[in-house]
Every structure is written in structure tokens, then in C-alpha cells.
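Coordinate inspection notes
Here's the letter readout for the chains.
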Amino acid sequence: GGLKGGLAAMAREKLEEEERDLRKGVPRNKPGAMKSPHRRPPSVVSDDESVYGGDAKATRLRASERNKAWKELLKTKSRMVATQGLAANPVFTEADPFWDQAWQVVNPRHRYVQMWDLMTLHLLVFTALVTPYEISFMDGLSGVNVQMLFWVNQLINIIFLVDMWLVFVTPFEGDD
């Protein structure tokens, strides 16, 4: 014979677990006994079984797999580019998409960002030239041209607001 059935199987598993713990030197928690520091609290979830007396080989294997995954991530995120004999480490290249899902930022080297910067430069020059003229010569005037210029200025203000948001989600690449 032997133990069979659901309740018997649970009892057998509990007995085997106690025997494994005794072989490892982990005392069982009995009423009145101190809790072992090697036992994992029920609320803690950890991959590091080595702290709790688990299989060291499996722990090393998991750590090796995590390291491989981390190295792959670093390969994709930091491409080495030679610049004038110095090694630069850009996060983005022109081939990357406009919006980077992993980092939740805008690619500063994307063609759209460069066109946007050129457009805001032109609008800034327009504002620098037209605003003094508008204040000096058009103050107090009314007409279609004044109204049209007012709405053009409002559109430029909205574009500058969008540009401020774009600056917040665009990373800065230093010399390192």
C-alpha cells in the first residue's frame, strides 16, 4: 500500500518538504519556536532563492539570463558611433521611429523634429521682425489686415506652446 488520494498526497508532500528542510538545516517553525531568518515571508516574492536556501545553480542560470537580456537591451539602446576619433554614445539614430515607445520620448534626430525646429526658427524670426512693426505702426488701427495679423500671431503662439511640450519630451544628448 501507500498513501493515495488528495489529502494523503498533501500530507506526503508536507512530510517531504520537512525532510528537505531538515537536510538543509532549516528548522521547522513549531509553536513557541523562533522563526527562521531563512524562511521567506508569505508576502515576499523574489527570484533570488539563494537568500532563502534555494537551488544555487538555478539562481545563477536566472541571473545569467537576466544579464543576457540586459546586454541585448543595451546593444539596441546605445549604439557606438565614431565621431572625430572620439567614441560618442547616442541613444537615437535617424533610422529610429519618431516616438520611442520604450523611453516615451521623441527621437531628437528624426527628420520631423529637424523640420519642426527649422519651422520654429522661421517663426521666431518672423515674430522678431513683425512684432516691433506691429507695436509701432499698427497700434490702435483696425481692418482686415490687422485682424489677419492678430490670428496669425495666435497661431504662432499655439505652435510655440506645442514646441514647449516637444522640448519636455525630447531628450538631450550630451558630449559623452
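Above this note sits the structure.
These numbers were taken from a predicted model, which means no experiment stands behind them.

As for the overall build of the protein
For the protein, the helix and strand inventory stands at four helices and four strands. Taking all 176 residues of the protein together, 15% fall into the buried category. Pairs at least 24 residues apart make up 33% of the contacts formed inside the protein by residues separated by at least 6 positions. Carbon and sulfur atoms make up 64% of the accessible area of the protein, which amounts to about 14300 Å² in all.

So, the packing of aromatic side chains
With the rule as written, the count across this model stands at two aromatic pairs. Judged by centre distance (5.1 Å) and plane angle (50°), the ring pair of Y133 and F137 falls under tilted. Taken together, the residues Y133 and F137, both in helix 3 (residues 111-137) and four residues apart, mark about one turn of the helix. Residue classification places Y133 among the partly exposed positions, given a relative accessible area of 47%. Between F150 and W151, the ring centres sit 5.0 Å apart and the planes meet at 80°, which makes this aromatic pair edge-to-face. By relative accessible area, which is 39% here, F150 ends up partly exposed. Under the relative-accessibility criterion, W151 is labelled exposed at 55%.

Quick word on the side chain of D163
With respect to the helices and strands, the residue D163 is situated in helix 4 (residues 144-168). Buried charge without a salt bridge: D163, with R111 as the nearest opposite-charge side chain at an N-O distance of 17 Å. At 2.8 Å, the side chain of D163 forms a polar contact with the side chain of W116. With sequence-adjacent residues up to four places away left out, D163 is seen in contact with W116 and T120.

Considering a nonpolar patch on the surface
Taken together, the side chains of L118, L121, V125 and L129 present a nonpolar region at the surface, about 400 Å² in accessible area. Counting through the fold element by element, L121 comes out in helix 3. On the accessibility criterion, L121 (47% relative accessible area) is partly exposed.

Quick word on helix 3
Owing to its 3.6 residues per turn, the α-helix aligns residues three or four sequence positions apart on the same side. Between its terminal C-alpha atoms helix 3 stretches 39 Å, which fits the 39 Å expected from 27 residues at 1.5 Å a residue. Roughly 25° is the biggest bend found in helix 3, and it falls at V130, with proline P132 one to four residues downstream. Inspection of helix 3 places V113, T120, L123 and V130 among the buried residues, and these make up the whole buried set. Looking at the buried positions of helix 3, the neighbouring elements they touch are strand 4 (105-106) and helix 4.

About the criteria used
Residues numbered from 1 in each chain as written. Predicted model: local features only at pLDDT ≥ 70, side-chain atom pairs only at ≥ 80, totals over all residues. Heavy atoms only, no water. Helix = DSSP H or I, 4+ residues; strand = E, 2+ residues; numbered from the N terminus. Buried < 20%, exposed > 50% of the residue type's maximum accessible area, 1.4 Å probe, protein only. Contact = heavy atoms within 4.5 Å. Areas by Shrake-Rupley, 256 points an atom, 1.4 Å probe, with all protein chains shown as cover. Phe/Tyr/Trp six-rings, centres within 6.5 Å; stacked < 30°, edge-to-face > 60°. Lys, Arg positive; Asp, Glu negative; His and termini not counted. Salt bridge = Lys/Arg side-chain N within 4 Å of Asp/Glu carboxyl O. Polar contact = N/O pair within 3.5 Å; in protein donor to acceptor, adjacent residues only side chain to side chain. Patch = residues over 30% accessible without salt bridge, like charges linked within 9 Å, V, L, I, M, F, W, Y side chains within 5 Å. Expected span 1.5 Å × (residues − 1). Bend = angle between axes of the 7 residues up to and from the residue.

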